[in-house]
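# Inside the fold
Residue strings, one per chain:
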Amino acid sequence: MSSYQAPINDMTFNLFDVWQLDQYWQENGKLQDLIEADTAKAILEEAAKICEQQIAPFAGDADKRGAQLVDGKVSLPAHYHTAYQSLIEGGWSSLSGDPQYGGMGMPKALSMMVDEMLCSADIAFSLYPGLTAGACVALLQHADDTTKQTYLPKLYSGEWSGTMCLTESHAGSDLGIMRTTAKPNADGSYALNGSKIFITAGEHDLTANIIHLVLAKLPDAPAGSRGISLFLVPKYLLDANGEAGARNGVSVGSIEHKMGINGSATCVLNFDDAKGYLIGEPHRGLSCMFSMMNYERLSMGSQGLGAAERAYQNALAYAKERLQGRVSEQDANKAEPIIGHPDVQRMLLNIKAMNEAGRTFATWVAALLDKAKYDNCSVSGQRANLLTPIAKAFMTDQGFDACVIAQQVFGGHGYVKEWGMEQLVRDVRIAQIYEGTNGIQAADFMLRKVAADKGAVLFSLLDDITAELTEKPHVEAAPLLTAVTDLQSLTSRLLQQENTILAGAACDFLALVSYILYGFMWYKNLQALDNGKHSSHFIGAKNHTAKWYFSRILPRATGISAILNTDAAMLYNLAPEDY
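Residues numbered from 1 in each chain as written. Predicted model: local features only at pLDDT ≥ 70, side-chain atom pairs only at ≥ 80, totals over all residues. Heavy atoms only, no water.

## Observations concerning the overall build of the protein
To keep things clear, this is the line we draw: The secondary structure listing takes helices from DSSP runs of H or I that are at least 4 residues long and strands from runs of E that are at least 2 residues long, numbered from the N terminus. Residue burial is assigned from relative accessible area. The probe radius is 1.4 Å, only protein chains are included, and a residue is buried under 20% of its type maximum, exposed over 50%, and partly exposed in between. Note on areas: Shrake-Rupley, 1.4 Å probe, and residue coverage restricted to the protein chains presented here. The positive count covers Lys and Arg only, the negative count covers Asp and Glu only, and His and the chain ends enter neither. One atom stands in for each charge, and that atom is NZ of Lys, CZ of Arg, CG of Asp or CD of Glu.
In terms of regular secondary structure, the protein is built from 19 helices and 11 strands. Viewed in the frame of its principal axes, the protein has a C-alpha envelope of about 80 × 60 × 55 Å. For the protein, with 579 residues in total, the buried portion stands at 55%. As presented, the protein carries roughly 24,000 Å² of accessible surface, and 51% of it is formed by carbon and sulfur atoms. Here the protein carries 46 positive and 63 negative side-chain charges, and the mean point of each set is 2 Å from the other.

## Overview of the packing of aromatic side chains
We apply this condition: Ring geometry is summarised as follows: Phe, Tyr and Trp rings, the Trp one being its six-membered ring, pair when their centres sit within 6.5 Å, and such pairs are stacked at plane angles under 30 degrees, edge-to-face over 60 and tilted between the two.
Within this structure, the stated rule accounts for 18 aromatic pairs. Centroid distance Tyr318 to Trp419: 5.3 Å. Interplanar angle 85 degrees. Geometry classified as edge-to-face. Here Tyr318 is found in helix α10 (residues 293–321), whereas its partner Trp419 is found in the loop between α12 (378–409) and α13 (421–429), with 101 residues between them in sequence. Since its relative accessible area comes to 8%, Tyr318 is described here as buried.

## Section: the side chain of Thr132
To keep things clear, this is the line we draw: Think of a polar contact as two N or O atoms within 3.5 Å of one another; within protein, one of them needs to be a possible hydrogen donor and the other a possible acceptor, and neighboring residues in sequence only count if both atoms come from side chains. The criterion used for residue contact is that any of the two residues' heavy atoms lie within 4.5 Å.
As for its position among the elements, Thr132 is in helix α7 (residues 123–142). On the basis of relative accessible area, Thr132 is assigned to the buried category, the value being 5%. A distance of 3.1 Å separates a polar atom in the side chain of Thr132 from the backbone oxygen of Tyr128. With near-sequence residues (within four places) excluded, Thr132 lies in contact with Leu155, Trp160, Ser161 and Gly162.

## Here's the deal with the nonpolar core
Put simply, the test is: Buried Ala, Val, Leu, Ile, Met, Phe, Trp, Tyr and Cys residues that are joined via side-chain atoms within 4.5 Å together make up what is termed a nonpolar core.
Among the nonpolar cores identified, the biggest contains 193 residues, and Met117, Phe361, Leu387, Phe509, Tyr549 and Phe550 are the most heavily contacted of them. Per-element accounting of this core gives the leading share, 18 residues, to helix α17 (residues 499–528). Sequence-distant contacts of Met117, that is, excluding residues within four places in its chain, are made with Tyr4, Ala6, Ile8, Met11, Leu44, Ala47, Ala48 and Cys51.

## Here's the deal with unusual backbone geometry
Even without a glycine there, the phi angle at Ala201 is positive, about 60 degrees. Looking at the secondary structure, you find Ala201 in the loop between β5 (190–200) and β6 (209–216). The residue Ile261 is not glycine, and still its phi comes out positive at about 35 degrees. Take Ile261: it is sitting in the loop between β10 (250–255) and β11 (266–279). Exposure remark for Ile261: the relative accessible area of 4% places this residue in the buried category.

## Observations regarding the packing of α17 against helix α19 (residues 556–564)
To be explicit about the condition: Helix axes are fitted only over the stretch in contact, all axes being lines through C-alpha atoms; the angle between N-to-C directions runs from 0 to 180 degrees. Should an angle fall under 35 degrees it is called roughly parallel, over 145 degrees roughly antiparallel, and 65 to 115 degrees roughly perpendicular, with every other angle called oblique. Crossing chirality is assigned from the near helix's rotation relative to the far helix, an anticlockwise turn below a right angle marking it left-handed and a clockwise turn marking it right-handed. Only Asp, Glu, Lys and Arg are considered charged, only Ala, Val, Leu, Ile, Met, Phe, Trp, Tyr, Cys and Pro nonpolar, and every remaining residue, Gly among them, polar.
The N-to-C vectors of α17 and α19 enclose an angle of 155 degrees; their axes lie 9 Å apart at closest approach. Considered as vectors, α17 and α19 are oriented roughly antiparallel to each other. When the axes of α17 and α19 are compared, the crossing they make is left-handed. Contacts between α17 and α19 involve Ala505, Asp508, Phe509, Ala511, Leu512, Tyr515 and Ile516 from the former and Arg556, Ala557, Ile560, Ser561, Ile563 and Leu564 from the latter. Counted by class, the contact of α17 with α19 contains 10 nonpolar, one polar and two charged residues.

## Topic: the pairing of β11
Look at any regular strand and the pattern is simple: side chains alternate between the two faces of the sheet. What counts here: When DSSP locates at least two bridges between a pair of strands, those strands are taken to pair.
In the sheet, β5 pairs with β11 via nine bridges, with the strands oriented antiparallel. Bridge pairing in β11 places Ser195 opposite Asn270. Pairing analysis gives five bridges linking β10 to β11, with the strands arranged antiparallel. The residue bridging Ile255 from the neighbouring strand is Cys267, located in β11.

## A few points about helix α5 (residues 78–89)
As a reminder, the rule being used: Residue count minus one, scaled by 1.5 Å, sets the expected span of a helix. The arc in question is traced by the directions running from the helix axis to the C-beta atoms.
Here α5 contains 12 residues, and its C-alpha end-to-end distance of 17 Å stays within 8% of the 16 Å for a straight helix at 1.5 Å per residue. The complete set of buried residues in α5 reads His79, Tyr80, Ala83, Tyr84, Ser86 and Leu87. The buried residues of α5 occupy an angular sector of 155 degrees when projected down its axis, which confines them to one face. Away from its buried face by more than 90 degrees, α5 exposes Ala78 and Glu89. Phi for Gly91, located one or two positions after α5, is positive at around 80 degrees.

In structure tokens, the structure reads:
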């Protein structure tokens, strides 16, 4: 069975040393009375106890038992109920919620780290509070005051949970062709009819009510994605006291039997004259739903990072204990720990370097979201928009790779269920697929985030990075300045191409930018090290891992640049029948 210990030292290092967010919190009038360094550390330590003690040890049991559908009702593993109650009793479900409606009002940079812990402990379990948090963001931004007062307090408290209902069997990412309809009722509500698939936490027994946010089309809807509206559809209609009453016309048709995240109830939901309530303006549902996507895509990145962190911890422990082969000639009859083998060290260093850069990157994106929210800072908002596709796509790609590599450290034992490594590989795989596949994220990054403004936001960011690298150079990070300069030139050349060519280059371009930004994250780590504040072990490990990144991982950017400098038009030169 795999174990887990929250990396609180690295989390606080990122919060307070790399990004110095404790100073920002104290300078911000909306946060200074809510959060400071000691409070943040205490929150992380308490969250770690729940994740380490009540969730992580039982993730294997949840995988075996899974979510089960019997007579139209979905039941979850028993320990999910215990852990969920601990979460809501401790206020963790309301951590980043608006205080006006019962939330704790904590910044995303802090709640993101709790997300990572939950994902390390059990990705499937993390989805239940995670989907609710996403639904709350959408309601907070787009619902009217009465709806907020009615639903947000109980969603924040965890008494109720939430979902997002987008996908239909014939319409995956192409939401414009959805068939679910919403017809006006005489009382101002709407009758929804249709079916949605892949609905995470669509039906379960954790909460007294489930609040579905459903995309559907009104009778007068324009064609395509511009004709989609957003509706709130509760599992149980509310009675006069605002409590769950009569069952609404929404039911579970089936649950999916999946490769991983078996403890997560992934449902087909049927809406049969289900009563719903319009959220936001008619035909603006997609923009309402996407207003929370920056937060959701960062949460997806946390899934990749969380799984990778647990995989690394267990691979490291195994490598220190597993006796196999002889690295030295001290005793030909005595096997030595495999951590002495060069290839094992290579695998562990690669995972460690990417994990720690990923944590710094996720903290950066979360801090940008906070500054856009609390300071109404347009530059922070623009940069958060630019970087969230990377958070979703690159972090989940790296998370999956890390789990596979960590499994390799175990050799044959990594393929056996009892060690827990194969579950991590299966569970994290979905993070590359849902919330928009990573290929879609790359296209969004290339076409909507970079090409749409002729690279203005990206170039501005790269200029600031160049200025910082020039003003505060670090010997280990010297190759990074060259990489940034080359990226600026390459981007300028790419933006002269047509969108069809850019689409074919999108995945490689996202990877290129990501490796360079991860290099900047390691530069920020090195700049934050303080001999008077951190142990020699911590400083030594950071320095060595940074050197490994700059010498053995960042050069991957050169290879990707060479690919992007070739003619991407060849992608379209093979007819479909010739594949």
